[in-house]
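# Observations on the three-dimensional arrangement
One letter stands for each residue in the lines below.
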Amino acid sequence: MNSLAIYAVTPKGVTLAHRIAGSLGGSVFVPMRMLGTSPVAHEVGFKNLRECVTKSFSEFSAHVFITAAGIAVRAIAPHLVSKDVDPAVVVMDQNGHHIVSLLSGHLGGANDLAKVIEQLTGGVAVITTATDTEKLPTLDLIAVKAGCAIHNLSAVKHVNGALLAGEKVLLDDPADILGIKHSTVAEFFIPAELAPLSKDPLPSVVVSWRSAKALEPEENTLLLHPKVLCVGVGSKRGAPKEAVLELINEVFTKRNLAIESIAYLTSVDAKVDEEGIIEAAEELDVPFVTFAADVLDAVDVPNPSDTPKQAVGTKSVAEAAALHCASLKHKARLIVEKEKGDGVTCAVALEI
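No experiment lies behind these values; they were computed from the predicted model shown. (Residues numbered from 1 in each chain as written. Predicted model: local features only at pLDDT ≥ 70, side-chain atom pairs only at ≥ 80, totals over all residues. Heavy atoms only, no water.)

### A short note on the packing of aromatic side chains
Filter applied, for reference: Ring pairs shown here join Phe, Tyr and Trp side chains whose ring centres sit within 6.5 Å, with only the six-membered ring taken for Trp; geometry is labelled stacked below 30 degrees between planes, edge-to-face above 60, and tilted in between. Helix and strand definitions here come from DSSP, where helices need a minimum of 4 consecutive H or I residues and strands a minimum of 2 consecutive E residues; each element is numbered from the N-terminal end. Only protein chains enter the accessibility calculation, which uses a 1.4 Å probe; a residue is then buried when its area is under 20% of its type maximum, exposed when over 50%, and partly exposed in between.
Per the counting criterion, the structure on display carries 3 aromatic pairs. Ring plane angle 20° and centroid distance 4.5 Å describe the contact between Tyr7 and Phe65, whose orientation is recorded as stacked. On the criterion of sequence distance, the pair formed by Tyr7 in strand β1 (residues 2-8) and Phe65 in strand β4 (residues 60-66) is long-range, its members being 58 residues apart. Assigned by exposure class, Tyr7 and Phe65 land together as buried. With a centroid separation of 5.8 Å and an interplanar angle of 85°, the aromatic rings of Phe29 and Phe60 are classed as edge-to-face. Of this pair, Phe29 sits in strand β2 (residues 27-31) while Phe60 sits in strand β4, and the two are 31 residues apart along the sequence. Like Phe60, Phe29 is buried. One aromatic cluster is present, formed by Tyr7, Phe29, Phe60 and Phe65 through successive ring pairs.

See the structure below:
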């Protein structure tokens with residue numbers, strides 16, 4: 001996906017668009033009659049702005065409209081889906097005085113983009129998200145910055161609503177993945193171990209690599225899955241993606257693990273070109289990394305075997321790869337020993 005699209009419809013707006021693109025990069029979209037009026041690369045002409053946006057909206061992660069707000073709203077309206085999918089949209093006047101974060105202020109990054117453009121133009125970033133105007137922590141943004149997957153985005157409104165009402169939110173994050181416990185926003189939260197007894201569940205944030213099925217979060221509980229699980233995979237040559245995914249899903253379901261918490265698929269270097277594992281990683285949207293056989297052979301595992309030692313030079317593939325991968329940044333422990341599927345093995349290690 002491209003990063004930034006900038007639309008301008010007036011001569012002064014086009015000049016400002018090129019100035020922004022010169023600093024931030026991106027493509028500048030201008031009316032056909034204005035093509036070439038400012039010497040900047042990646043200039044694209046359009047006959048009709050709405051038709052142009054229809055083609056470009058999903059291709060860019062951020063859009064800046066140097067137009068009236070109404071023009072921008074009408075152009076993007078047919079393409080809006082949800083706050084976890086929609087790109088950032090900023091709208092500003094042609095003098096760069098007011099830079100309005102219009103859409104996806106938090107998850108999309110429109111608030112931050114408006115503030116960056118503010119520095120370029122000397123104007124004022126206009127931020128309307130309630131938690132920002134009240135200088136309160138924004139849980140969806142904190143989660144993304146901490147590398148957590150948001151399981152139930154709808155719960156954000158309950159948590160943010162409680163904060164806006166002056167209430168404290170329960171925080172169950174024993175490993176302090178979010179970095180809140182010793183931060184300036186810690187005062188807004190109650191650690192889970194100090195939770196008061198109550199018939200009604202408090203608005204809360206739970207950070208866990210356990211599955212939602214196991215945790216059964218309440219409607220007002222925001223469940224976040226940190227990327228802390230490394231899945232070691234071994235396979236016969238040519239094992240298909242389906243076999244890899246079937247075993248991983250089976251193991252994660254049986255052990256109540258969150259698929260969203262997978263950080264890496266990992267294996268031995270001999271499997272670096274194994275299409276089935278590569279395609280499985282792509283479908284899970286996680287990196288696939290491999291390690292040298294002698295590195296994995298030095299890892300202490302519960303189930304060493306002569307079979308992989310003879311085949312690829314290490315007494316363990318799945319368990320050793322999972323443990324070694326998880327230990328690169330933190331300490332690690334194996335939480336799922338080697339499981340076997342149809343021509344595939346896997347193991348799961350936790351970063352601790």
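More follows now that the structure is in view.
### A word on the layout of surface pockets
Counted only if it meets this: A 1.4 Å probe that fits into a set of points on a 1 Å grid over the protein atoms alone but cannot get out defines a cavity; an open set with protein on both sides within 12 Å along at least five of seven lines defines a pocket, and lining residues are those with an atom within 4 Å of a point. Grid points are joined across faces, edges and corners, and a volume is the space filled by probe spheres set on the points. For this classification, Asp, Glu, Lys and Arg are treated as charged, while Ala, Val, Leu, Ile, Met, Phe, Trp, Tyr, Cys and Pro are nonpolar and the rest, including Gly, are polar.
A volume near 460 Å³ is recorded for the largest pocket. As for the largest pocket, its lining consists of 23 residues, and the residues nearest its centre are Gly234, Ser235, Thr307, Pro308 and Thr345. Per element, the largest residue contribution to the lining of the largest pocket is 4 residues, and it comes from helix α12 (residues 306-312). The residue makeup of the lining of the largest pocket, split by class, is 7 nonpolar, 9 polar and 7 charged. As a volume, the second largest pocket reaches approximately 290 Å³. Contributing to the lining of the second largest pocket are 16 residues, with Pro174, Ala175, Ile177, Trp209 and Pro226 lying nearest its centre. Mapped by element, the contributors of at least two residues to the lining of the second largest pocket are β11 (204-207) and β17 (344-351).

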